[in-house]
Structures are given as structure tokens and as C-alpha cells.
Amino acid sequence: MGSQTNSLGENYTKELEITTTKMTVKRILGLVMQNIDGDDERKREVISLGIGDPTAHSCFHTTDAAKEAVVETLLLDKFNGYSSAGGLPITRKAIASYLSRDLCDDLSPEDVYITVGCTQAIEISISILAKPNSNILLPRPGYPTYALCANYRNVEVRYYDLVPEKNWEVNLEAIEDLADQNTIAIVIINPGNPCGNVYSYDHLEKIAETAKRVKTLVIADEVYGHLAFGETPFISMGLFSSTTPVLTLGSLSKRWLIPGWRLGWFVINDPNCTFKSPKVIERINKYLDICASATTFIQAAVPKIIKNTKEDFFRNTLKMLKKNSDLCYEKILEIPCINCPYKSQGSMVVMVKIITTLLQDISDDMEFCFKLAREESVILLPGTAMGLKNWVRITFAVEPSCLEEGLKRLKSFCLRHSKPKK
């Protein structure tokens, strides 16, 4: 793929006019990283506020209970072989019990399929639903892996907007306008990535009722489940599965701060069995037969990880995330040329709008992030990656001092590129 360099030295490629259907978050961040000036005499530390992996920072580390469970499982020397395609029975049972805490109807282990992180759960959900001429409704902004998987399966992507002025709620009228008889699912991400929103019980209920009216199911991405630190508590979409079937996707990655362990799940919430037919189950099992399985000893450790993790661990994580979210919001208010319409209430991220009309030499979010990386060694994720041009996503799951320094550099950058006041 060809590249060219402008007068400021940033690497631009033909991939700059990207859409969420073409590139992953990691790939886009890789393009941004290419603009770090290795010859900069200041040799400043690179501050990444772009990727949602808090484990690089000492203030975010997993509980000892998780590490001890894995070590104990390894030493048993019983889980070094392959697992069954859907996951170890003890793991499926543990996840079913864990998720049932948030539901009216208990899940059975057979409703749970263990996956290699949540990414594989996304792939499986779209693959088993895909059919000729089908379409899927995705949020904008949203997580680009859904569009990548849909395009790979020849499923048409239709975007519905999230409304920043209404705390990034779903535009339900858009859902009804976009859906038709070929719509295979509506994807809901709660708590939200990239917006940091946490949906209320009433809003989730309306989403379920809308899905029922348009005769489709909901894929509920709850990878950030329970990471809610604002006024609105986390509510699982599965609570409304008697209204419409819900496929819940999740993982241990975010709540337990172990994204590299790659332990996720794909769960069918369907107490009325309107979706869960023998044919569907057979299709899932056949698909899993050709997929890689999650690491066996990690699976085997899950029951003890869940059982032995103390609530203090979760409370401390939420306390740190809230502290950083508050700091991030307060500092953004002091920065010219950007605006944050909604303070993050959950997950680890927040969306910030770039007011390009106030900038004298920056045309869009990609150029903003490229120049910021080159001039200040700060990495942000361009909103284009999530389907929303002229916004950026900031990840605040970092050391508070690192976050403060990164936002200080962002302020300097915006002041330097602001149009002179008349």
C-alpha cells in the first residue's frame, strides 16, 4: 500500500480515508504510532491513551485470587490437553452461575459457550446468524470488529446513531427505520465502548421492545459488564430476554484486568426458546468444531477465579476508574478546541469532539491524532476508527500521573494549533 509524506513529515497512506469496515483498532493505532518522532531531541516518554489495556500500569492489576487459581490449576497437571469445543463443563457451569446473578431466569451450562476472548464471541455470533441478503444494525460510534466480521460474512452493515446529547442513548426511531425482514440482529454495547455510557433499565427495556417489534434479536456486548461507576448501575440486557432473544458476549478481560488471558463467552438468553432451536444449536456446535478453543488451564481456573475474588478488588478498580474519569473530564474542560458532551459513567473510555473550525491547520481527527503523536508523543484513537469523524476516544485506565501529563500535552497542542482570536 503506497504512502506519501507531507511537509510536516507525518506518514499518510491511502488508508487514511478509512471506515470501520476496513481496519481494526490496533491497526489504526499502529498508523498513529508511526508518527512518533524518534529523532525528537526531547525524547519524551510516549503516553498512550488510545488502547483499552490497563495492565501496562501498576495501579491496574488483577487480584491475587486469579493468579493463585491459575497456578493451582497448572500444578494439578490435569488440564494440559484439549478442551471440548464449547468449553470445559466446569467452566460453562461457573459462567452460567456467575451471569445468572443478574437475571430473572437461571442460565444452564448448555447456554454458555467459552471463547477465545470476546473477539471470537463476536465472530461466532455473526457467523452463525449470517445468511444470504442479511443485514445487521450496529451503533455509531461503535466497536469496529463487528463491521469487520459482518463484511467478512457478506452481511450488510447498517448504522444507527447514538445520541451524545442524550448520554449516547440509542436512536430507537432509527432502529425501526433501518430494520427489515432480513435484519439478523441489533448490536448493543453496554457499558459503552467508545462512549463510556451506561444504559438505564428503562432504556434497555425500550431497546428490547423495539427489537421485538422489528422481529430481530439483540447481541449484547457486555465485555465491560459491571464496570459502571456513575449514578446508573449496570443492568444486563439478558434481563429482557423474555421480550426478545439476547446473545450476551463477554469476558473476564476487563473486570478482572486480564485481557491477555483470552477467556470470553457467547451466551444464549432465550427462556422462551424462540431462537434456541436444535438447528441453531447444531450450527453453533459445528462452527465451534473448526475454531480454536480457549486455553484449557485458564478455563479450568475460572470457577475458583469467580469464587475467590473479593468484592474489595472490584470496588477498588471502580474507585480508580471513577477517579481517573473525573480527572479526565475536569482537564478536558480546560482545553480549547475540544468538547466532551458526556462524562464517562462506565468502561474505561470517553469520546471527545474536535471543533475543527477553531483549529488553523488541522482538517480532521486523523490529522489531529497524527500531529499530536508527532509533536507531543501522545496517542489517541481517532473517532473515524469508531465511525464518528472529528472525534477522538481517550482511554483513562492509566496511572493518574500519566493521564494528567498526557492531557497537559494535549492542552499545549490545542493551544498551539488554535486559530488566533480576533
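Here goes a summary of the coordinates provided. (Residues numbered from 1 in each chain as written. Predicted model: local features only at pLDDT ≥ 70, side-chain atom pairs only at ≥ 80, totals over all residues. Heavy atoms only, no water.)

### Topic: the overall build of the protein
The helix and strand tally for the protein stands at 12 helices and 16 strands. Summarising its shape, the C-alpha atoms of the protein cover approximately 65 × 50 × 45 Å along the three principal directions. Taking the contacts inside the protein whose residues are at least 6 apart along the sequence as the reference set, 74% of them involve residues at least 24 apart. Summed over its atoms, the accessible surface of the protein is roughly 18,800 Å², and 49% of this surface lies on carbon and sulfur atoms. (Helix = DSSP H or I, 4+ residues; strand = E, 2+ residues; numbered from the N terminus. Contact = heavy atoms within 4.5 Å. Areas by Shrake-Rupley, 256 points an atom, 1.4 Å probe, with all protein chains shown as cover.)

### Things to note about the nonpolar core
With 111 residues, the main nonpolar core has Ile136, Ile219, Phe266, Phe368, Leu380, Ile394 and Leu410 as its most contacted residues. Counting residues in hydrophobic clusters, the runner-up holds 28 residues, among them Tyr160, Leu204, Met237 and Met351. (Core = buried A, V, L, I, M, F, W, Y, C linked by side-chain atoms within 4.5 Å. Buried < 20%, exposed > 50% of the residue type's maximum accessible area, 1.4 Å probe, protein only.)

### A few points about the packing of aromatic side chains
Tallying each qualifying case throughout the model produces nine aromatic pairs. Their ring planes at 65° and their centres at 5.6 Å tell us that tyrosine 98 and tryptophan 256 sit as a pair that is edge-to-face. Here tyrosine 98, found in helix 3 (residues 89-100), pairs with tryptophan 256, found in the loop between strand 10 (246-251) and strand 11 (264-269); they are 158 residues apart in sequence, far enough to count as distant. Tyrosine 98 sits in the buried class, given a relative accessible area of 7%. Aromatic ring contacts, followed pair by pair, group Tyr98, Trp256, Trp265, Phe313 and Phe314 into a single cluster. Above the face of the tryptophan 256 ring, arginine 255 is positioned so that its terminal group lies 5.8 Å from the ring centre. Above the plane of the ring of phenylalanine 314 lies arginine 255, whose end atom (NZ or CZ) is 3.7 Å from the centre. (Phe/Tyr/Trp six-rings, centres within 6.5 Å; stacked < 30°, edge-to-face > 60°. Lys NZ or Arg CZ within 6 Å of the ring centre and 35° of its normal.)

### Observations regarding the packing of helix 3 against helix 9 (residues 296-308)
Contact pair helix 3 / helix 9: the axes reach a minimum separation of 8 Å and the direction vectors enclose 35°. Handedness of the helix 3/helix 9 crossing: left-handed. Here helix 3 contributes Ile90, Thr91, Ala94, Ile95 and Tyr98 to the contact with helix 9, which in turn contributes Gln299, Ala300, Val302, Pro303 and Ile306. (Axes fitted to C-alpha atoms, helices over the stretch in contact; angles between N-to-C directions. Left-handed = near helix turned anticlockwise from the far one by under 90°.)

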